[in-house]
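Report on the structure
For reference, the chains in residue letters:
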Amino acid sequence: MQTELKRILGQNEWSRRDIATLLDLSDPADEALLFQRAYEVKRQQVGTRVYFRGLIELSNVCIKNCYYCGIRRANPDVDRYTLSEEEVLDAAAFAHRSRYGSIVIQSGERTDESFIAFVEHLVRRIRESTNNELGITLSLGEQSESTYRRWQAAGAHRYLLRIETSNPGLYQTLHPQDHSFHVRLEALRTLYRLGYQVGTGVMIGLPGQTSEHLADDVAFFKEMDVAMIGMGPYIPHHGTPMNEAIPDWSARKEEQLRRALRMIAVVRIQLKDVNIASTTALQAIDPTGREMGLQAGANILMPNLTDTQYRTGYQLYDGKPCLDENATLCAGCLERRIAAIGETIGYGEWGVSPHYKKKKQSSSALSSGVSPSRSAVVSGSPL
Ligand code: 5AD
Ligand code: SF4
Ligand code: FES
């Protein structure tokens, strides 16, 4: 395998087959070569400074029924909660005080007017109370164009919406009939058109997902020209229809983690200067999973800011870490973990990916219609 691996690593362009070969590596020495290459690319393209995005899990109420997700509407064993305005502002103030640079507000999907207005209000209040210094990313699912516009006008500038898989057929096996791949894709396109910095991603190791599917996901990221990517291993949740879909999970989970790490490495090498998150799901399989993600090429971490009383309520998969650790504990813990692998933290910076900056520079050279406030937003706050 080493000669085949070296041949692939020696080429600039990889075929679908080449990517699938890398994703299927099983020898730890081969994997180490792949990770080393990914780390070199990371060092050159984005550096070894990790950016924090403080994660606020706004609500576990969801109108959707994704077969893989623990907080799906049909799961009766979830204590549903929605944070109060004060709780969200407290979490944002913590992020601001800790100089995190930006926060992500994530939630189950809701499209009713009271939720839309609540988010709009929250975004405004956070901007005001943090002196416009805190970057605001939303991760609130598929919404109408007018909703995306309202939230953007209130001050949100990034949006995370995972495509989950770029294969429409596979997507359909993971979702009920009334969930549509095309609606998801259209939502992503709308976000781009409106000028959000868009992040997307997939789950890795889904039942029925082949290495070729994942190779197509890499091509999808390239085509969509994404600035941020969040990917993690698929992990079964006991209260979902897909719980039994991976037989013998405890024997397979180690490989599931390694496969996710190989995917991160491949995406780093192919997409080069984008932001890639080392997701919490990696740490649900191995206590050091998020460090492994950074070492495989990721450069973003999302420390959880949600108050511990709600953390158990927001379990998309089993084994979610840090259920009892509050934001201060997690912050200290992550700081030590990052130092242990010889990296530093980009405190007080938005951490806009070099990819997005370059793209923005070339587009503003073409058009002069960028307002002063928008250009401040996209070029990152100096703080
Ligand atoms: N395992 C891993 N990731 C999951 N997500 C939802 N359920 C699971 C699971 N069982 C991910 C989806 C979603 C994100 C918020 O969490 O990719 O987009
Ligand atoms: Fe709801 Fe998102 Fe879970 Fe689907 S993945 S059930 S939309 S929270
Ligand atoms: Fe939460 Fe370590 S990251 S306690």
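Residues numbered from 1 in each chain as written. Chains lettered and ligands numbered in written order. Predicted model: local features only at pLDDT ≥ 70, side-chain atom pairs only at ≥ 80, totals over all residues. Heavy atoms only, no water.

Counted under the stated rule, the structure contains nine aromatic pairs. Between the aromatic rings of Tyr 159 and Tyr 196, the centroid separation amounts to 5.8 Å while the plane-to-plane angle is 80 degrees, which identifies the pairing as edge-to-face. Of this pair, Tyr 159 sits in strand β4 (residues 158-160) while Tyr 196 sits in the loop between α8 (181-194) and β5 (197-200), and the two are 37 residues apart along the sequence. The residues Tyr 159 and Tyr 196 share a single accessibility class, namely buried. Chaining the aromatic ring pairs together yields one cluster made of Phe 52, Phe 94, Tyr 100 and Tyr 347. (Phe/Tyr/Trp six-rings, centres within 6.5 Å; stacked < 30°, edge-to-face > 60°. Helix = DSSP H or I, 4+ residues; strand = E, 2+ residues; numbered from the N terminus. Buried < 20%, exposed > 50% of the residue type's maximum accessible area, 1.4 Å probe, protein only.)

What follows covers the site of ligand 2. Taken together, Cys 62, Lys 64, Cys 66, Tyr 68, Cys 69, Ile 71, Arg 72 and Gly 108 are the residues near ligand 2. Class assignment for the residues of the shell around ligand 2 results in five nonpolar, one polar and two charged. (Near = heavy atom within 4 Å. Nonpolar A, V, L, I, M, F, W, Y, C, P; charged D, E, K, R; others polar.)

Orientation of helix α5 (residues 113-129) relative to helix α6 (residues 145-154), taken along the N-to-C sense of each, is 20 degrees, at an axis distance of 8 Å. If you check the angle between α5 and α6, you find them roughly parallel. For the element pair α5 and α6, the recorded crossing hand is right-handed. The residues of α6 that touch α5, namely those facing Glu 113, Phe 115, Ile 116, Ala 117, Val 119, Glu 120, Val 123, Arg 124 and Arg 127, are Thr 147, Arg 150, Trp 151, Ala 153 and Ala 154. (Axes fitted to C-alpha atoms, helices over the stretch in contact; angles between N-to-C directions. Parallel < 35°, antiparallel > 145°, perpendicular 65-115°, else oblique. Left-handed = near helix turned anticlockwise from the far one by under 90°. Contact = heavy atoms within 4.5 Å.)

Our focus in this paragraph is the nonpolar core. Judged by nonpolar contacts, the single largest core of 109 residues is most densely connected at Ile 103, Leu 138, Phe 221 and Met 263. Those residues in contact with Ile 103 that lie beyond four places of it in its chain are Gly 54, Ile 56, Ala 92, Ala 95, Ile 126, Leu 134, Gly 135, Ile 136, Thr 137 and Leu 305. Residues Tyr 51, Leu 55, Val 104 and Ile 300 belong to the second largest nonpolar core, which totals six residues. (Core = buried A, V, L, I, M, F, W, Y, C linked by side-chain atoms within 4.5 Å.)

Let's shift gears to α5. For α5, spanning 17 residues, the distance from its first C-alpha to its last is 24 Å, which sits close to the expected 24 Å at 1.5 Å a residue. For α5, the complete set of buried residues consists of Phe 115, Ile 116, Val 119, Glu 120, Leu 122, Val 123, Ile 126 and Arg 127. Along the long axis of α5, the arc covered by the buried residues comes to 160 degrees, so they all point the same way. In this structure, α5 carries Ser 114 and Glu 128 as exposed residues pointing more than 90 degrees from its buried face. Looking one or two residues beyond α5, the residue adopting positive phi is Asn 131, at roughly 60 degrees. (Expected span 1.5 Å × (residues − 1). Arc of directions from axis to C-beta.)

This paragraph deals with the site of ligand 1. The local shell around ligand 1 consists of Tyr 68, Cys 69, Gln 106, Arg 162, Glu 164, Met 203, Pro 233, Tyr 234, Ile 235, Leu 316 and Tyr 317. Tyr 68 places a main-chain nitrogen or oxygen 2.9 Å from a nitrogen atom of ligand 1. Residues belonging to the shell around ligand 1 are distributed by class as follows: eight nonpolar, one polar and two charged. (Polar contact = N/O pair within 3.5 Å; in protein donor to acceptor, adjacent residues only side chain to side chain.)

It is worth spelling out unusual backbone geometry at this point. The phi dihedral of Arg 99 falls on the positive side, at around 60 degrees, and the residue is not glycine. On the accessibility criterion, Arg 99 (42% relative accessible area) is partly exposed. The residue Asn 131 is not glycine, and still its phi comes out positive at about 60 degrees. Mapped onto the fold, Asn 131 is located in the loop between α5 and β3 (135-139).

Relative to the helices and strands, Glu 164 is located in the loop between β4 and α7 (168-174). Among the polar contacts made by the side chain of Glu 164, one reaches the side chain of Arg 184 at a distance of 3.5 Å. Look past the residues within four positions of Glu 164 in its chain and what remains in contact with it is Tyr 68, Tyr 171, Arg 184, Gly 201, Val 202, Met 203 and Leu 206.

Such coordinate-based values are descriptive only and should not be taken to indicate function.
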